[in-house]
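Read off the chains here:
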Amino acid sequence: MMFRAILYVQWKWLRWPLLAVTLAVAAIPLVAARSDFTGGTMLVPLLNRLESAGILYPIAAIIVGWVVAAGLWYPDRQGRRVYAMAMPVPRWQFVLLRYQAGLVLVLVPALALLLATILVAVTVQLPPGLHAYPGSVSLRFALASVVAYSMIFAMAAADSTVVAGVVAALVILMLVAPGVAEIAGARDPAETLLSLLFSPPGPFAIFAGRWMLFDV
Amino acid sequence: MDAAITVRDLAYRVGKGFEIRDLSLTVPRGAVYGFLGPNGAGKTTTIRLLLGLLRAQAGQVTVLGHAVPREVARALAGTGYVPERPHLYQGLTVAESIAYHRAFYPRWDQRWADELFRRFALAADRSLARLSKGEMGKLMILQALGQCPELLVLDEPTDGLDPVVRREVLTALLDFVAERNATVFISSHLVHELERICDWVGVMDHGRVVAELPMQSFKNGIKRLRVQKAPARLGDTPFVLLAREPDGPLAETWVVRGWQAPMTQWFEGVGATLRDVIDLDLEEGFVEMLRTSRQPAGEVA
């Protein structure tokens, strides 16, 4: 009952931005494969376009995560979180309910992407050896959206001083650490951190690499 | 005494400008407790501390038998809260806001909520962003009463409302208290309003409680006395002398608390003459009490 109420409220205030990002996400494969709905398959240009469009998926996933996570807490910030804090549920449970409702909303663009990629996959005639991966691309997009959403949700839900502290620490790490590491003759800690985060099994590895709808 | 709210030695400080110190109060179950104080006295901060919206630096708070902040969710389950400023989600309609609120309170009384909805003449499909101040006040009261709380905490609930809406809100509140025997903790600087509805009163000023007593004692016990030939130095008095001012040759006006008729004899004992005993209304008593509490210790008597 509480979950449904929270989900409804979040849907109510996020529905227009969510609709916009959902349409944008679904448009990525459709626009990339546009000429191939009407006539013969120009395979190489199609693959080039799909590869170029691939860079848009992680960006779109971050935007989806940001729209949902930041939007979830916006009405509470308007009321200085008094209403949320006066609810008769433990704070962790309330935040968890919010997070779960946001997860449902995050999956809406991923579902739209699945439908769009399936449409492209059944429309384009592929030569032997090439396969379409609508499920993999959509699943990867869903996971990337969830990672982005979770990160931004945590920041939006946290105390502003904690967020400021984390951001300040990261900025210092990025700006100061390379110089210090060079003087000390050590490995740059910022580079190490980025490598840990963006290489498997780092949490942001899902954003890196190629996102191909058609592949061997 | 069974208490709905107990606060002991509460301390809270934010920055250098404001602090609550050694704050203690007791709200008996079933009481309508008026929490009086001028603007900036710390009433809203105290309420937020009671409800776990702020963390105290020291002291103990118990609400409906639950320690706050440790068991704040249980305390809030039985507490209806109407804050000073509207806190509900502006993007919802009235009906959606009520439905959302209802989902969190298993004891929600739909019959009572429907009755208030009709009485307040609210429009179900009106967006909260378009509600007038009076309509928003009614909606907040409706939601707080609909959840059937054992305790209502109202922070200046009628501030800024027109007299008609104010009366509607207070009538609904009193009906609820009469029917459910709920406890009400209501803060206000509108003294006359509290005088009509409260049976206990606590007075706060500059972050501390300066008095806490039954309303009847507060109203009856504060008097203005006209005294002649009063001695310059007073020993022990059977009442509390709040203020003392010259009022012509050999005459003085005193404001006292805890007055009872047999105390007239005390004046004969010290060689003074009591000319007149004048009743003060709550507002005058409140003002005198604040004036006294702000004087340096020992200045009065």
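Just so it is clear, the structure is predicted and the values come from calculations on it, not from any experiment. (Residues numbered from 1 in each chain as written. Chains lettered and ligands numbered in written order. Predicted model: local features only at pLDDT ≥ 70, side-chain atom pairs only at ≥ 80, totals over all residues.)

J.: Describe the overall build of chain A, and please don't skip the residues or the numbers.
T.: Secondary structure summary: chain A contains 8 helices and 2 strands in total. Starting at the N terminus, the α and β elements of chain A follow one another as α-α-α-α-α-β-α-α-α-β. Counting only C-alpha atoms, chain A reaches 60 × 60 × 25 Å along its principal axes. The burial tally for chain A puts 30% of its 216 residues in the buried class. Considering only residue pairs separated by 6 or more positions, chain A has 79% of its internal contacts joining residues 24 or more positions apart. (Helix = DSSP H or I, 4+ residues; strand = E, 2+ residues; numbered from the N terminus. Buried ≥ 20, exposed ≤ 12 C-beta atoms within 10 Å, placed from the backbone. Contact = placed C-beta atoms within 7 Å.)

J.: Explain the overall build of chain B to me, and be specific about the residues and the numbers.
T.: If you tally the helices and strands in chain B, you get 10 helices and 14 strands. Expressed as lengths along the three principal axes of its C-alpha atoms, the size of chain B is roughly 70 × 40 × 35 Å. Classification of the 301 residues of chain B by burial places 40% in the buried group. Summarising the internal contacts of chain B: among those between residues at least 6 apart in sequence, 72% fall at separations of at least 24.

J.: Go over the environment of A58 of chain B with me, naming the residues and quoting the values.
T.: Residue and element names in this part refer to chain B. Tracing the sequence through the fold places A58 in strand β4 (residues 58–63). The class of A58 is exposed, set by 12 C-beta atoms lying within 10 Å. Taking C-alpha positions, A58 is 39 Å from E245, a pair spaced 187 residues apart along the chain.

J.: Describe the nonpolar core, naming the residues involved and giving the relevant values.
T.: Counting residues in each nonpolar core, the largest one holds 133 residues, and the members touching the most others are V64 and V68 of chain A together with Y33, L50, V153, V184 and F185 of chain B. The two domains that each donate at least three residues to this core are domain 1 (3–213) and domain 2 (222–294) of chain B. When sequence neighbours within four positions are dropped, the list of residues in contact with F185 of chain B reads I5, V27, Y33, F35, L151, L152 and V153 of chain B. (Core = buried A, V, L, I, M, F, W, Y, C linked by C-beta atoms within 7 Å. Domains from an automatic or database assignment.)

J.: Tell me about the interface of chain A and chain B, residues and numbers included.
T.: Between chain A and chain B, the residue contacts involve 17 residues of the former and 19 residues of the latter. The set of elements that each furnish at least two residues to the side of chain A that touches chain B consists of α1 (2–32), α3 (56–78) and α4 (82–85) of chain A. Here the side of chain A that touches chain B gets 5 residues from one element, more than from any other, and that element is α1 of chain A. Across the side of chain A that touches chain B, the residue classes break down as 14 nonpolar, 2 polar and 1 charged. (Nonpolar A, V, L, I, M, F, W, Y, C, P; charged D, E, K, R; others polar.)

J.: I'd like a rundown of the sheet that holds strand β9 (residues 200–205) of chain B, residues and numbers included.
T.: Residue and element names in this part refer to chain B. Taken in spatial order, the 6 strands line up as β6-β7-β8-β3-β9-β10 in an open sheet, and their pairing is mixed. In this open sheet, the two strands that pair with only one neighbour each are β6 (79–82) and β10 (208–214). Neighbouring strand axes in the sheet, compared pairwise and without regard to direction, differ in orientation by 15° on average. Pairing of strand β3 (residues 32–36) with β9, which is carried by 4 bridges, proceeds in the parallel orientation. Paired with L36 across the bridge in β9 is V203. Taken strand by strand, helix α1 (residues 43–50) contacts β3, β7 (151–155), β8 (183–188) and β9, and its axis lies near 150° from that of β7. Across the sheet, helix α5 (residues 133–146) is in contact with β6 and β7; its angle to β6 comes to roughly 175°. (Pairing = 2+ DSSP bridges. Axes fitted to C-alpha atoms, helices over the stretch in contact; angles between N-to-C directions.)

J.: Talk me through the pairing of β3 of chain B; I want residue IDs and the actual numbers.
T.: Residue and element names in this part refer to chain B. Burial within β3 is extensive, with 5 of its 5 residues counted as buried. Residues V32, G34 and L36 point to one face of β3 and Y33 and F35 to the other, with burial holding for every one of them. Pairing of β3 with β8 involves 5 bridges; the strand directions are parallel. Note on β8: the bridge partner recorded for L36 is S188.

J.: Give a description of the sheet that holds strand β1 (residues 3–14) of chain B that names residues and reports values.
T.: Residues and elements named next belong to chain B. A sheet is described by the order of its strands in space; here 4 strands give the open sequence β2-β1-β4-β5, paired in antiparallel fashion. If you trace the sheet from one side to the other, it starts and ends with β2 (18–28) and β5 (66–68), each paired once. Looking at each pair of strands side by side, their axes are set apart by 25° on average, direction ignored. Sheet strands touched by α1: β1, β2, β4 and β5. Its angle to β1, the strand with the most contacts, is close to 115°.

J.: Lay out the packing of α1 of chain A against helix α5 (residues 91–123) of chain A with the relevant residues and their values.
T.: Residues and elements named next belong to chain A. Viewed as axis vectors pointing N to C, α1 and α5 meet at an angle of 25°, and their least axial separation amounts to 8 Å. By the angle between their directions, the pair α1 and α5 is classed as roughly parallel. When you trace α1 past α5, the crossing you get is right-handed. Broken down by class, the residue content of the contact of α1 with α5 amounts to 23 nonpolar, 5 polar and 1 charged. (Parallel < 35°, antiparallel > 145°, perpendicular 65-115°, else oblique. Left-handed = near helix turned anticlockwise from the far one by under 90°.)

J.: How would you explain the domain arrangement of chain B if you had to name every residue and give the values?
T.: Many descriptions give the size of an interface as the accessible area lost when the pieces come together. Residues and elements named next belong to chain B. Each assigned domain of chain B is listed with its residue range as follows: domain 1 (3–213) and domain 2 (222–294). Put simply, the middle of domain 1 and the middle of domain 2, counted by C-alpha atoms, are 36 Å apart. Taken together, the contact pairs 9 residues of domain 1 with 7 residues of domain 2. The set of elements that each furnish at least two residues to the side of domain 1 that touches domain 2 consists of α7 (191–197), β9 and β10. Broken down by class, the residue content of the side of domain 1 that touches domain 2 amounts to 6 nonpolar, 1 polar and 2 charged.

J.: Could you give an account of the environment of V270 of chain B, naming the residues involved and the relevant values?
T.: Residue and element names in this part refer to chain B. The residue V270 is located in the loop between α9 (264–269) and β14 (273–279) in this model. Residue V270 is classed as partly exposed on the basis of its C-beta count, with 14 C-beta atoms lying within 10 Å. Measuring from C-alpha to C-alpha, the distance between V270 and A230 comes to 7.8 Å, with 40 residues separating the pair along the chain.

J.: Quick one: what's the story with the packing of α5 of chain A against helix α6 (residues 134–157) of chain A, residue by residue and with numbers?
T.: Residues and elements named next belong to chain A. α6 packs onto α5 with a crossing angle of 155° between their chain directions and a minimal axis gap of 9 Å. The pairing of α5 with α6 is recorded here as roughly antiparallel in orientation. Relative to α6, α5 is oriented so that their crossing is right-handed. Here the residues of the contact of α5 with α6 sort into 19 nonpolar, 4 polar and no charged.

J.: Would you mind going over the pairing of β7 of chain B in detail, with residue names and values included?
T.: Residues and elements named next belong to chain B. Judged by how many residues are buried, β7 sits mostly within the fold: 5 of 5 residues are covered. Alternating positions in β7 separate into two faces, L151, V153 and D155 on one and L152 and L154 on the other, with burial throughout. Bridge analysis of β6 against β7 gives 4 bridges, and the strand direction is parallel. Among the inter-strand pairings, G80 is bridged to a residue of β7, identified as L152. Alignment of β7 against β8, held across 5 bridges, turns out to be parallel. Looking across to β8, one finds that L154 is bridged to I186.

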